[in-house]
Amino acid sequence: MKAHHTYLKFCCFLTGLSYPLIRNSSEQSVKNAKKYTGALLIIMLVWFFIGYCFATRYLHIGEAGGIIGGLLMSFIILQIERIIILSHHISWGGKVFRIILGLVMALLGAMIMDQFTFKDDIELRKSQVLSLRVEEAIKISEVDIRRQVAEIDSMLDGSNKKLFSLSEELQKRPVIVTRYTTGSVTRDSLGRRISATEDINTTVADNPLKIEFEFLQNQIGELNKKKFELSQSITELRTKKEQELKEATGFLDELVLLKEVVAESWVGMFVYGLFLFFFLSLELFILIMKMSDKESDYDKLIAHQVDVRAEMLSQLKMSPTQQSHELP
């Protein structure tokens, strides 16, 4: 019995109904309160999931932020549905507005849910267009790098030709042979020449072109290293940009991909239509229940309290007039 009253208090807290009046009303009013509570819990749980998924996937605020987003969405839904539950008579304008609001929320809910339902299909379509987006994103950088590679190739071509020419020259003349003559003259005391000797000397030295050959070899090595680094940078740039585009999850971008996935087959359109109908029915669930329910004794108690309060106010307004007539 205590658990029954505790749950009834919870139902009144959630729906905004008055617990003292519900407790003193008939079983039908209690059932209505529980019925509205069940509908509210279903709608709030669904929108909590949608808010959590939207916050974590598209706002990138983590699990804690996703929970806050889900609670905020549930709170908004609770307040909207409370307005319907607590309304004694709903005007046609209120009904039309609620239907329009329900249609908008159903569209949003169906789009978000479909993005998770068709997640694998969207990823497949995204991978198909990813290469084109990568090419477009790195187009300017790749053109500049390829221009630098072309300049290095031109320099390498000239250096290789010159290196080949020097190599042929060094094969012909690996060393430089220099011959020079030295001589000495013997004279007597009077300075007259007695005899003379003459020696022929030979010196061997490396060809000076060898230094230039080694310089060109080092230069070609540096150019090849730079060319490899530039070619590698294109691959790294492509990989980095591809990773960035994969991690960047845009809501509108996925909506476009979702449209393409759904529109390409009648099965996708049928599934999207089911989700839309489900969310629209969910949004209008409480409104339809409120319109179809007959007036309960709880509603009559509320109306009676309004009448009693109005009667008291009318008597208070009349009292000063009556008192003025009674004065001599």
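Predicted model, so just to flag it, every value in this text is computed and none were measured.

What counts, and at which threshold
- Residues numbered from 1 in each chain as written.
- Predicted model: local features only at pLDDT ≥ 70, side-chain atom pairs only at ≥ 80, totals over all residues.
- Heavy atoms only, no water.
- Helix = DSSP H or I, 4+ residues; strand = E, 2+ residues; numbered from the N terminus.
- Buried < 20%, exposed > 50% of the residue type's maximum accessible area, 1.4 Å probe, protein only.
- Contact = heavy atoms within 4.5 Å.
- Core = buried A, V, L, I, M, F, W, Y, C linked by side-chain atoms within 4.5 Å.
- 1 Å grid on protein atoms, 1.4 Å probe; cavity = no way out; pocket = protein on both sides within 12 Å on 5 of 7 lines; lining within 4 Å.
- Points joined across faces, edges and corners; volume = space filled by probe spheres on them.
- Nonpolar A, V, L, I, M, F, W, Y, C, P; charged D, E, K, R; others polar.
- Axes fitted to C-alpha atoms, helices over the stretch in contact; angles between N-to-C directions.
- Parallel < 35°, antiparallel > 145°, perpendicular 65-115°, else oblique.
- Left-handed = near helix turned anticlockwise from the far one by under 90°.
- Expected span 1.5 Å × (residues − 1).

Moving on: the overall build of the chain. When its secondary structure is counted, the chain shows 12 helices and two strands. Reading the chain from its N end, one meets helices and strands in the order α-α-α-α-α-α-α-β-β-α-α-α-α-α. Expressed as a percentage of its 328 residues, the buried residues of the chain come to 29%. A separation of at least 24 residues holds for 75% of the contacts in the chain among residues at least 6 apart in sequence.

Soluble globular proteins: nonpolar side chains tend toward being buried together. I22, I50, F279 and I286 are the most contacted members of the largest nonpolar core, which totals 39 residues. Counting residues per element, this core draws most heavily on helix α3 (residues 27-57), which supplies 10 residues. Setting aside its immediate chain neighbours within four residues, F279 contacts V46, I50, A106, G109, A110 and M113. Grouped together as the second largest cluster of nonpolar side chains are 13 residues, L170, F213, L216 and I220 included.

Okay, the layout of surface pockets next. In this structure, the second largest pocket spans a volume of roughly 220 Å³. Lining the second largest pocket are 15 residues, with W47, I50, M73, L108 and I112 positioned closest to its centre. Those elements giving two or more residues to the lining of the second largest pocket turn out to be α3, α4 (62-86) and α5 (92-117). The class makeup of the residues in the lining of the second largest pocket is 13 nonpolar, two polar and no charged.

What follows concerns the packing of α3 against α5. Where α3 contacts α5, the two axes come as close as 10 Å, and the packing angle between them is 60°. Here α3 is positioned oblique relative to α5, judged by the angle of their axes. Between α3 and α5 lies a crossing of left-handed hand. Contacts between α3 and α5 pair W47, F49, I50, C53, F54 and R57 from the former with M105, G109, I112, M113 and F116 from the latter.

Right, let's get into the side chain of S74. Topologically, S74 is positioned in helix α4. For S74, a relative accessible area of 6% gives the class buried. If sequence neighbours within four positions are ignored, S74 has contacts with M44, W47 and F48.

Counted at 1.5 Å a residue, the expected span for α5 with its 26 residues is 38 Å, and the 36 Å between its end C-alpha atoms agrees. Those residues of α5 lying buried are K95, R98, G102, M105, A106, G109, A110, I112, M113, D114 and Q115.

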